[in-house]
Amino acid sequence: RRWGLRPPPAPGSTAAWVAVVSPRAAQTLRACGQAGVVGNHARDLLTHAQTARLRNRWRPAPSLEEAAARVASAFRVFYDGEGVVKALEALAARVRAASASTDQLALIRATEAVLFDECGFRGVDADEYYAASNSFLDEVLRRRAGIPISLACLFVAVAERAGVKRGALRPVSAPGHFLLAFGDDDAFDDAADVFFSRAIFLDVFARHRGPRYGSLSFGQVAAFIARHVGVNEQQAALYLHDACKNYARPDEVGARCARNLMLIMENEERRSLAGSVGITHGVRPLAALDIYRQLENAFRNGGD
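The sections below set out a description of the structure shown in this document. (Residues numbered from 1 in each chain as written. Predicted model: local features only at pLDDT ≥ 70, side-chain atom pairs only at ≥ 80, totals over all residues. Heavy atoms only, no water.)

1. Some remarks on the overall build of the protein chain
Phase 1 of the analysis: A tally of helices and strands in the protein chain yields 15 helices and six strands.
Phase 2 of the analysis: Scored against the burial criterion, the 304 residues of the protein chain give a buried share of 49%.
Phase 3 of the analysis: Accessible surface, the protein chain as shown: approximately 15000 Å² in total, 51% of it carbon and sulfur. (Helix = DSSP H or I, 4+ residues; strand = E, 2+ residues; numbered from the N terminus. Buried < 20%, exposed > 50% of the residue type's maximum accessible area, 1.4 Å probe, protein only. Areas by Shrake-Rupley, 256 points an atom, 1.4 Å probe, with all protein chains shown as cover.)

Here is the structure:
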């Protein structure tokens, strides 16, 4: 009534109207979300609004940063997208100031130094590895800690803002791990000798332990895959070569993030689930799991 329109009766339709037609209404609901029964209803409406956005306003993610932002904001109604962008810009400015060259590899090394040596970003410890917050880009920025896939998205977002060409850092979805591969187009050529000699792999999850832990050769990564999967190194090398040639696209990375969250939430009790994503009484405890299922489907099928 305040905005001169009669909301439709269905909660999902009301939420879609609030989120898409009237940003002012959404802002007011966020303010209401701090208090009592009204707050419970406001959070429930905004939960429905997020699912409506996934269904009705989906488009392919143009970058890893956008895919990570969609994962972080898919359920959490207080996600500060503008704050995330400002933080990424500030980090990229530090990288540009630290790099004496515009050479691509020099910028990547400067990004490593700023994030891990100066700012203290790190891979999370084993006892906190399966916390949902490790997959949220804003939380990774705030806590300066994350899992391999979220740190990789952060690293690429900062490096590209600092001047690294989009696509120069390729996501490599290896068994049991997530890496970045750097090289020009020739480095990912079918010729094995060119690939072996020129491709550089970045393990951003381990980089905080020192530079030698962050940069790996093709052979080192293949050996890791062989040990993890239980195949010989030749088979592992063939798999890795194919993974680099057909590297993960932003939507595929987003789908993997969503699957990670689904697994986390399926293994938690309902009360623990509600606490892990910052909701309180009045919202269905499994709403987050439902949304991340829809998010994973949207990444894979374009919102259908």
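2. Re the packing of aromatic side chains
Two descriptors summarise a pair of aromatic rings, namely the distance from one centre to the other and the angle between the planes of the rings.
Phase 1 of the analysis: Tallying each qualifying case throughout the model produces four aromatic pairs.
Phase 2 of the analysis: An aromatic cluster is defined as three or more aromatic residues linked by ring pairs; in this entry it consists of Tyr129, Tyr130 and Phe205.
Phase 3 of the analysis: Above the plane of the ring of tyrosine 213 lies arginine 209, whose end atom (NZ or CZ) is 4.1 Å from the centre. (Phe/Tyr/Trp six-rings, centres within 6.5 Å; stacked < 30°, edge-to-face > 60°. Lys NZ or Arg CZ within 6 Å of the ring centre and 35° of its normal.)

3. Digging into helix H11 (residues 218-229)
Phase 1 of the analysis: The end-to-end C-alpha distance of H11, which contains twelve residues, comes to 16 Å, matching closely the 16 Å that a straight helix rising 1.5 Å per residue would cover.
Phase 2 of the analysis: Inspection of H11 places Phe218, Val221, Ala222, Ala223, Ile225 and Ala226 among the buried residues, and these make up the whole buried set.
Phase 3 of the analysis: Just downstream of H11 lies glycine 230, where phi reads positive at about 90°. (Expected span 1.5 Å × (residues − 1).)

4. Comments concerning the environment of leucine 180
Phase 1 of the analysis: With respect to the helices and strands, the residue leucine 180 is situated in strand S4 (residues 179-182).
Phase 2 of the analysis: Using a relative accessible area of 0% as the deciding quantity, one classes leucine 180 as buried.
Phase 3 of the analysis: When the C-alpha atoms of leucine 180 and phenylalanine 201 are compared, they prove to be 5.6 Å apart, with 21 residues separating the residues in sequence.
Phase 4 of the analysis: Those residues within four positions of leucine 180 in sequence are excluded, and the remaining contacts are Ala152, Phe155, Val156, Leu169, Arg170, Pro171, Ile200, Phe201, Leu202 and Val204. (Contact = heavy atoms within 4.5 Å.)

5. A closer look at the nonpolar core
Phase 1 of the analysis: Phe121, Leu154, Phe155, Val158, Leu169, Leu180 and Val253 are the most contacted members of the largest nonpolar core, which has 60 residues in total.
Phase 2 of the analysis: The element contributing the most residues to this core is helix H8 (residues 148-162), with eleven residues.
Phase 3 of the analysis: Within the second largest apolar cluster, 16 residues are counted, among which are Ala174, Ala199, Phe201 and Ala237. (Core = buried A, V, L, I, M, F, W, Y, C linked by side-chain atoms within 4.5 Å.)

6. Brief notes about the pattern of salt bridges
Side chains that carry opposite charge are capable of pairing whenever their charged atoms lie near each other.
Phase 1 of the analysis: Counted according to the given criterion, the structure contains eleven salt bridges.
Phase 2 of the analysis: With a closest N to O distance of 2.9 Å, glutamate 66 and arginine 70 form a salt bridge. Placement of the pair is glutamate 66 and arginine 70 together in helix H4 (residues 64-73), with a separation of four residues, close to one helical turn.
Phase 3 of the analysis: Judged by its relative accessible area of 23%, glutamate 66 is partly exposed.
Phase 4 of the analysis: Arginine 70 gets classed as buried once you look at its relative accessible area, which sits at 10%.
Phase 5 of the analysis: A salt bridge links arginine 161 to glutamate 89, with the shortest nitrogen-to-oxygen separation between them at 3.3 Å. One end of the pair, arginine 161, is in helix H8; the other, glutamate 89, is in helix H5 (residues 81-98), and 72 residues separate them in sequence.
Phase 6 of the analysis: Owing to a relative accessible area of 22%, arginine 161 belongs among the partly exposed residues under this scheme.
Phase 7 of the analysis: Salt bridges sharing common partners tie together Arg109, Glu112, Asp117 and Arg207. (Salt bridge = Lys/Arg side-chain N within 4 Å of Asp/Glu carboxyl O.)

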